Amino acid sequence: MPYWTKYPFALLIFAVSLHAEPLQKTFSDWQITCNNQNYCVARNFPGNNGLVMTVSRHAGSNDRPLLRIEYGNRYTGELSGAPLKENLLLDGQRLKPDLKHWDVEPHNLTTAHMISIDEFLAQVMDADNIQLLYRPDATISLHGLKAALLLMDDIQGRVNGMSAWIKRGSRVTSDVPPEPAAPEIIPPRRPPLPLTRDETTGLIDFGTWRVNTDECSLDPQRREVSVSPLSDEKALLLVSCEMGAYNVIDLAFEVTRTQPYVAKGITLTLPFVPTGRSEKQMELVNADYDPDKSELLTFSKDRGLGDCGVATRWQYNGREFVLAEYAQEQTCDAWHGSDDWPILWTSHTTGSQPAGNVEMTP
């Protein structure tokens, strides 16, 4: 009998893992993100010095671990210099990992080999930093790595087991809670009928002059109104309400496609409370709707560079918008764009092609 079903405490851990809230947390110089399937990824920051180490792992016995050390990214461009494998220092001394089971590129070292990952982590776990020989400011601080990996072990139910990275015990590697199933979303069977020219004109006029936007701070003359088919009977009306330097907040309405128009406000409600927030309701920031896929995208930038913020994808199921994917990067350090932000919520859409990760252009 597996440990996690035999003992009440382990059973509690298992129950929590099935309903675990996604999280994004920092420990000293490391950030860890775990999603609703208990897939976790940890990386050091800041990444704007050009050198970053990432450790990721899935829940369950099929854990598919991955460790990467990268020099340079989309913001820094291609960086010159000798290969990483010959020019890394560990606390000022040459770092010489066994790269037999690594994919070795000049500025990228990657391995999915469990024993190689274990050996490398044991080699660096208690050190202060990894440094690039020919660029001293390119440094991976190791302060917080152990705490981040311990949290990863705890969330995935590995503590005191042989698969744990930090508090290893005698439980066999396979004796861990399984990976929670992703929520399933059923989209409409077909795209809605396109709006006619008369429908579009009438709805935009309604959204411009008659829909209730009393709470909007944006001058009515500067508001933008867009309309899309939501179903054969209803349309989605987006009205720009507030505007910042690089974010526009919209109000969304479900409106009948024929007169007399009946409008109902749409609220996006998350299935969890994100890090740094106190409620599940979220605003529509830089919203974009694709009627062919019945998908609503939002993209909130914390700064103009677009290296941090929140990106979401919502699936309309014929009745309401359901969260399909939620990505968040709370560390603004010019490491990656929204297509690589850590995923906190993922789902499975049945009866359609996978939509993939949220990808927005900064």
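The structure this text deals with has already been given above.
Keep in mind that what you see is a predicted model, and the values were worked out from it rather than measured. (Residues numbered from 1 in each chain as written. Predicted model: local features only at pLDDT ≥ 70, side-chain atom pairs only at ≥ 80, totals over all residues. Heavy atoms only, no water.)

Before going further, it helps to spend a moment on the overall build of the chain. A tally of regular secondary structure across the chain gives five helices and 25 strands. With respect to the principal axes defined by its C-alpha atoms, the chain has extents near 75 × 55 × 35 Å. Expressed as a percentage of the 362 residues in the chain, the buried residues total 50%. Across the chain, the fraction of contacts at a sequence separation of at least 24, relative to all contacts at a separation of at least 6, is 54%. Of the roughly 17800 Å² of accessible surface on the chain, 50% is carried by carbon and sulfur atoms. Here the chain contributes 33 positively and 47 negatively charged side chains, and the mean placements of these two sets differ by 4 Å. (Helix = DSSP H or I, 4+ residues; strand = E, 2+ residues; numbered from the N terminus. Buried < 20%, exposed > 50% of the residue type's maximum accessible area, 1.4 Å probe, protein only. Contact = heavy atoms within 4.5 Å. Areas by Shrake-Rupley, 256 points an atom, 1.4 Å probe, with all protein chains shown as cover. Lys, Arg positive; Asp, Glu negative; His and termini not counted. Charge placed at Lys NZ, Arg CZ, Asp CG, Glu CD.)

Bringing the sheet that holds strand S20 (residues 288-290) into the picture now. Read across the sheet, five strands follow the order S20-S21-S22-S23-S24 without closing on themselves; strand pairing throughout is antiparallel. The strands lining the two open edges of the sheet, one partner per strand, are S20 and strand S24 (343-345). Going from strand to strand, the sheet's axes swing by 20 degrees on average, the running direction of each strand aside. Alignment of S20 against strand S21 (residues 295-301), held across three bridges, turns out to be antiparallel. Its bridge partner being in S21, Asp 290 is matched across the sheet by Glu 295. (Pairing = 2+ DSSP bridges. Axes fitted to C-alpha atoms, helices over the stretch in contact; angles between N-to-C directions.)

Scope: geometric values only; no functional claims are made or implied.
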